[in-house]
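Structural description and commentary
Single-letter residue listing:
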Amino acid sequence: MSTNTVHPTTTLTPELEAVLKEDTDRRLRDLIAMNSKSRYARSSSSLSDFRLAIENTDVQTDESVLADFRRLVPLTDYESYRPFFDKFNSRPCKLSEVEDMFAPGLPVYIPLSSATTNRKSKQFVKYFRSQPYAHGPPPLRIKTTAFLFTFAYRDPVEVVTDSGEVTKRIPLCNQSSGVMRLQNNWSIETDDTRMGSILPGHVAPWATGFIIHHRSFLLIHALFALANTSLEGFAVTFLPYFIDMVHRIKEEWDVLVSGIRNGIIPDFDQIDHVRPYLQVHLRTDPQRADELQSIGPPLSYSGWAQRVWPNLKLLKGICSGTFAAALPQARSVLGPNVIIHNTWYICTEGLIGRTLNFEDTETFVIAANDLIEFLDMTEGETNRKILQAWELQPGMFYQPVSTTYDGLWRYLIDDVIQVTGFDPRNGLPVFRYSRRKNLELRLPHAMITEADLVSVIHAISGEDTVQVHEFTTVVDDRKFPQTVGFFIGITGDIGPNAKFARQKAFAALAATSEEHQIAFDGGELGLPTIRIVKPETFADYRRWRGESMKFGVGQIKVPVVLSDSKAQEWIAERVMMEL
């Protein structure tokens, strides 16, 4: 594929810095003008000093407003917003109490965080945008895509007037579902008009998005994808969901092929509510069934997907950071010619970055949808400064600080990024994801970061040891001394050098900090333990966690550090061997 590769610059020219400052100031001014009259901005103690400073100013023209923002608005966290978010949980939810809460009007959807690091998900609100997270034209034209996104939602919040009239119904849903709905103007009131349709460019009927049973959701998407010979792309929230689907195809290969041959939707669990909408679109196709039968199920050889779908060009989904562990297996399934595209770097709080180059899954450029500032990681906790984009140094680490059109003010994101340069087109910082700030394994002698744990997995993963496609960790205190405990999911057979995996893991861990070697020599730290879980364990974890938390398909992530005791017990029960 021919694309114009963007090469970051390591320094900002005066001209580029001026462009960056002008664009940043414009966006900040627009954000202040839009949200400074919200209920949160008018009453939050976090903004009291800033509120007083701009009380009698014209925020669109007064030059002091931006300086006042940068001087007086502190970092905020979820707790400062919680009482305001909780208003949407009141019953009745009164218009007079929630209108203009964080931004003008009412939210269009309420996303719930995936609760990777907390037992309870956080609740945010999202307002209408005319071009939500809009991309430029993609370099690759795809006509037919299997979109593995859920459109299901929980009981909507009904906002009522003082007389009791319902003025708006706001769905509680996954962030990915909300973004898709917002981008395509799909309101919940018009869902019924789409239930019996396959939308242009889609493969599966719209109704597939309302299957909340994880396994059945993947299998119905797989059924319609397998039946379609002209499929050109897959789109998923996170790359492991594509791998989950491939494993489900292998499990139910004969059932899926039979369904295509006979034109009958198989009896998968919890699909009766959408079966009529699905059945009308599945045609009897013995020729396609014979083709599939001759190809055989996945995971038996490399490049399977391109034999099944000769026109397949693209798989897109989030695949950086810990999700990169699934890349080798995805590449094996897809073959060498299908592009894997990392869509963006996004969290429930907002969009942080977009991929700089289409085929580079690890390098991002800061998004210009909201305002992103940067907390300096080089200073101590009490002295850390909030820096502007033009003040950053390539090679240094920062935490994103987000001020959004959805009403967040200098909200500290719990991620750490490493700036690598600047976009030569507009000066925006270019960066790589480093780690989750609060996902650290705490041992008596040290804290082990997500990035360190990922480096250990990279060190032990290989054909001669074990090929790891997903993992999580715990503090393993089954024996003294305690150590890092890895639970891993693998592909293929265990290699001849697997017996050295624990030593390799320790060597990689010790390379991250000399403290680990000192602790080991002093009897304070043991060799890392490595437990291999049964096939499909991580897919089942996403299903189990989603069902237990009443989350839709596509939002649950497996955390790098598993801190919840019930989750630790759950995964320990699925160990099939220990190295």
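Residues numbered from 1 in each chain as written. Predicted model: local features only at pLDDT ≥ 70, side-chain atom pairs only at ≥ 80, totals over all residues. Heavy atoms only, no water.

1. Brief notes about the overall build of the protein
- What the protein contains, in helices and strands, is 19 helices and 23 strands.
- Taken against the 2.2 N^0.38 rule, which gives 25 Å for 579 residues, the C-alpha radius of gyration of the protein at 25 Å falls within 12% of a compact globule.
- By principal-axis analysis of the C-alpha atoms, the protein measures approximately 75 × 65 × 50 Å.
- Counting across all 579 residues of the protein, residues that qualify as buried make up 57%.
- By sequence separation, contacts in the protein at least 24 residues apart represent 67% of the contacts at least 6 residues apart.
- For the protein, the accessible area works out to roughly 24,600 Å², and carbon and sulfur atoms hold 48% of it.
- Between the centroid of the 61 positive side chains of the protein and the centroid of its 70 negative side chains there is a distance of 3 Å. (Helix = DSSP H or I, 4+ residues; strand = E, 2+ residues; numbered from the N terminus. Rg over C-alpha atoms; globule rule 2.2 N^0.38 Å. Buried < 20%, exposed > 50% of the residue type's maximum accessible area, 1.4 Å probe, protein only. Contact = heavy atoms within 4.5 Å. Areas by Shrake-Rupley, 256 points an atom, 1.4 Å probe, with all protein chains shown as cover. Lys, Arg positive; Asp, Glu negative; His and termini not counted. Charge placed at Lys NZ, Arg CZ, Asp CG, Glu CD.)

2. Quick look at the nonpolar core
- Membership of the largest hydrophobic core comes to 75 residues, with the highest contact counts inside it found for Ile 220, Phe 224, Leu 226, Phe 234, Phe 242, Trp 304 and Trp 309.
- The biggest single contributor to this core is helix α8 (residues 214–227), with nine residues.
- Once residues lying within four places of it in the same chain are set aside, the contact partners of Trp 309 are Ala 225, Leu 226, Asn 228, Leu 231, Phe 234, Arg 288 and Trp 304.
- Formed by 64 residues, the second largest nonpolar core is a distinct cluster that contains Tyr 81, Cys 93, Ile 366 and Leu 371. (Core = buried A, V, L, I, M, F, W, Y, C linked by side-chain atoms within 4.5 Å.)

3. Observations concerning the layout of surface pockets
- Taken as a whole, the second largest pocket encloses approximately 690 Å³ of empty space.
- Elements supplying a minimum of two residues to the lining of the second largest pocket: α9 (239–251), α14 (327–334), α15 (450–460), β20 (467–476), β21 (483–491) and α18 (537–548).
- Sorting elements by how many residues they give to the lining of the second largest pocket places α9 first, with five residues.
- For the lining of the second largest pocket, the residue count by class is 15 nonpolar, 13 polar and seven charged. (1 Å grid on protein atoms, 1.4 Å probe; cavity = no way out; pocket = protein on both sides within 12 Å on 5 of 7 lines; lining within 4 Å. Points joined across faces, edges and corners; volume = space filled by probe spheres on them. Nonpolar A, V, L, I, M, F, W, Y, C, P; charged D, E, K, R; others polar.)

4. Digging into the side chain of Thr 449
- Residue position: Thr 449 is located in the loop between β19 (446–448) and α15.
- The buried category is assigned to Thr 449, whose relative accessible area is 12%.
- Setting aside residues up to four positions removed in sequence, Thr 449 forms contacts with Arg 435, Leu 439 and Glu 440.

5. Remarks on the pattern of salt bridges
- Applying the stated criterion across every chain yields a total of 32 salt bridges.
- Of the charged contacts, one joins Arg 542 and Asp 244 as a salt bridge, the two residues approaching to 2.8 Å between their closest N and O atoms. In this pair, Arg 542 is assigned in helix α18 and Asp 244 in helix α9, connecting sequence segments 298 residues apart.
- On the basis of relative accessible area, Arg 542 is assigned to the buried category, the value being 4%.
- Given the relative accessible area of 3%, Asp 244 is considered buried.
- Each member of the salt-bridge network shares a partner with another, and the members are Arg 215, Arg 248, Glu 251, Glu 252, Glu 536 and Asp 540. (Salt bridge = Lys/Arg side-chain N within 4 Å of Asp/Glu carboxyl O.)

6. As for the pairing of strand β4 (residues 154–160)
- Note that strand β1 (residues 93–94) and β4 share two bridges and pair parallel. The residue of β4 that forms the bridge with Cys 93 is Val 159.
- What sits between the antiparallel neighbours β4 and strand β5 (residues 166–173) is a turn of five residues, in which Gly 164 has the positive phi angle 95°. (Pairing = 2+ DSSP bridges.)

7. With respect to the sheet that holds β21
- Ordered by their spatial adjacency, four strands build an open sheet running β20-β21-β22-β23, and the pairing between neighbours is mixed. Of all strands in the sheet, those bounded by a partner on one side alone are β20 and β23 (575–578). Adjacent strand axes in the sheet meet at a mean angle of 30°, parallel and antiparallel pairs treated alike.
- Pairing analysis gives nine bridges linking β20 to β21, with the strands arranged antiparallel. Residue pairing in the sheet places Phe 471 in a bridge with Ile 488 of β21. (Axes fitted to C-alpha atoms, helices over the stretch in contact; angles between N-to-C directions.)

8. What to know about the confidence of the model for the protein
- For the protein, per-residue confidence averages 90 on the pLDDT scale, and 94% of positions sit at 70 or higher.
- In this model residues 115–119 is a low-confidence stretch, pLDDT under 50, and it forms 14 contacts with partners more than four residues away in sequence or in other chains. (pLDDT = per-residue confidence, 0-100.)

9. Thoughts on empty space enclosed by the protein
- Tallying each qualifying case throughout the model produces eight cavities of 30 Å³ or more.
- One number sums up the size of the largest cavity: a volume of about 100 Å³.
- If you go around the largest cavity, the residues you meet are Pro 240, Thr 322, Phe 323, Glu 470, Phe 471, Arg 542, Val 558, Pro 559 and Val 560.

10. Re the packing of aromatic side chains
- Here the structure, examined in full by the defined rule, presents 34 aromatic pairs.
- Considering the side-chain rings of Phe 124 and Tyr 411, the 6.0 Å spacing of their centres and the 75° angle between planes classify their relative orientation as edge-to-face. With Phe 124 in the loop between β2 (110–111) and β3 (145–148) and Tyr 411 in strand β15 (residues 411–412), this residue pair connects regions lying 287 residues apart in the sequence.
- Exposure remark for Phe 124: the relative accessible area of 2% places this residue in the buried category.
- What makes Tyr 411 buried here is its relative accessible area of 3%.
- Chaining the aromatic ring pairs together yields one cluster made of Tyr 40, Tyr 78, Tyr 81, Phe 84, Phe 85, Phe 102, Phe 124 and Tyr 411.
- The ring of Trp 206 has Arg 194 lying over it, and the distance from NZ or CZ to the ring centre is 4.5 Å. (Phe/Tyr/Trp six-rings, centres within 6.5 Å; stacked < 30°, edge-to-face > 60°. Lys NZ or Arg CZ within 6 Å of the ring centre and 35° of its normal.)

11. Here we look at the sheet that holds β4
- Read across the open sheet, the four strands follow the order β1-β4-β5-β2; overall the sheet is mixed. Of all strands in the sheet, those with a lone pairing partner are β1 and β2, marking the two edges.
- Pairing between β4 and β5: five bridges, direction antiparallel. If you follow Val 159 over to β5, its bridge partner there is Lys 168.

12. Some words on the environment of Leu 112
- Along the chain, the position of Leu 112 falls in the loop between β2 and β3.
- Here Leu 112 falls in the buried class, since its relative accessible area comes to 5%.
- When the C-alpha atoms of Leu 112 and Glu 349 are compared, they prove to be 9.7 Å apart, with 237 residues separating the residues in sequence.

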